[in-house]
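# Structural description and commentary
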Amino acid sequence: MANGQWYPPEWPDRIRALADGTLTPVTPRRAATVLLLKDTPDGPVVHMLRRRASMAFAGGAYAYPGGGVDPRDDDRQIRWAGPTRAWWAERLGVDAAGAQAIVCAAVRETYEEAGVLLAGPGPRSVVGDTTGDDWEADRAALVARELSFAEFLERRGLVLRSDLLGAWTRWITPEFEARRYDTWFFVAALPEGQRTRNASTEADRTVWIRPEEAAAGYDKGELLMMPPTIATLRQLLPYRTAAEALAAAPARDMTPVLARARLQDGGIVLSWPGHDEFTKHVPAAPAPAGTPVPAPAGTAVPTPADTTGGGPA
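One structure accompanies this document, and this report is about it. Fair warning: this is a prediction, and the values are worked out from it, not measured in the lab.

## Here's the deal with the pairing of strand β1 (residues 29-38)
On any regular strand, side chains alternate: one points to one face of the sheet, the next to the other face. For β1, a buried count of seven out of ten residues is recorded, marking the element as mostly surrounded by other parts of the structure. The pairing of β1 with strand β9 (residues 181-189) spans nine bridges and is classified as parallel. Across the sheet, Ala31 pairs through a bridge with Thr183, a residue of β9. Alignment of β1 against strand β2 (residues 45-51), held across two bridges, turns out to be antiparallel. Note that in β2 the partner of Lys38 across the bridge is Val45. Connecting β1 to the antiparallel partner β2 that follows it, the hairpin turn spans six residues, and Gly43 within it adopts a positive phi of roughly 110°.

What follows is the structure, encoded as structure tokens:
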């Protein structure tokens, strides 16, 4: 996939069906992903995981911890610190129950995939080391959906720290995809005393990397990423600390980024508004599965199998 942009072979037919009105877009599922940051003498670094090369979609691509909203993330109110649900509802463009679900998904997925928990015993505290056997048992139960996040917090007497998150951007899977995701991206700083680990079954590697280093690797075709991933990395470049990025989050535009497709000269042009570097030309005749299509080095089209990138990641 390096030096070329792979796309599912069914895309051209689905795009044409959408254009002629024979394909009805499915409703996107809500999801959340977190750009976890920590400071170093050389500036902030971001936690990224690499999807296993054996995965059918976007194998080998770098992404952030994240995933779909659990239907139980808004089944009841939980102990909550920071901005109110009403504040988050306005910020995220949803109702209060939806805001709780999205924020819960961001915190839960970060714990499930990175072992980092943005919660504490009180509104001004954060848990410390979360790597013991009892924590791992709870994390595994969350992943298996044997335990809801609300139950997990209640059982441990914890308060969700919504003030540790900053809403950063929002991407929606293209309308022609069979499975779609409406994903909110957040930034957060690694809490003191906690450490990340590779807790995701979909990843074979995790790294802490400076955004400029990751972006340079992408530009050279050395690191594979999906459009939302490299876009958010570039957006982090101006900030010298994790606190600066978090302070900038409330002013960020949360208008969703949704790919557009148009027919041109018998082929198809894919574009992401505001992100010209991802514009992609699909030839008139669908290429065989796995055939690379010229595109900026290191890019990979968002895929339906990845909740953090079929839209976003």
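## Overview of a negative patch on the surface
Together, Asp74, Asp75, Asp95 and Glu151 make up a negatively charged patch on the protein surface. For Glu151, the location among the structural elements is in helix α5 (residues 149-156). Among the residues examined, Glu151 registers a relative accessible area of 36% and is labelled partly exposed.

## Some thoughts on the sheet that holds strand β6 (residues 119-120)
The strands making up a sheet associate through backbone hydrogen bonding, with each pair oriented either parallel or antiparallel. Across the sheet, which stays open at both edges, the three strands sit in the order β5-β7-β6 with mixed pairing between neighbours. The outermost strands of the open sheet, each flanked by one partner alone, are β5 (80-81) and β6. Where β6 and strand β7 (residues 159-161) come together, two bridges link them in antiparallel fashion. Residue pairing for β7: Ala119 is matched across the bridge by Leu160.

Rules behind the numbers
Residues numbered from 1 in each chain as written. Predicted model: local features only at pLDDT ≥ 70, side-chain atom pairs only at ≥ 80, totals over all residues. Heavy atoms only, no water. Buried < 20%, exposed > 50% of the residue type's maximum accessible area, 1.4 Å probe, protein only. Helix = DSSP H or I, 4+ residues; strand = E, 2+ residues; numbered from the N terminus. Pairing = 2+ DSSP bridges. Patch = residues over 30% accessible without salt bridge, like charges linked within 9 Å, V, L, I, M, F, W, Y side chains within 5 Å. Areas by Shrake-Rupley, 256 points an atom, 1.4 Å probe, with all protein chains shown as cover. Salt bridge = Lys/Arg side-chain N within 4 Å of Asp/Glu carboxyl O. Lys, Arg positive; Asp, Glu negative; His and termini not counted. Charge placed at Lys NZ, Arg CZ, Asp CG, Glu CD.

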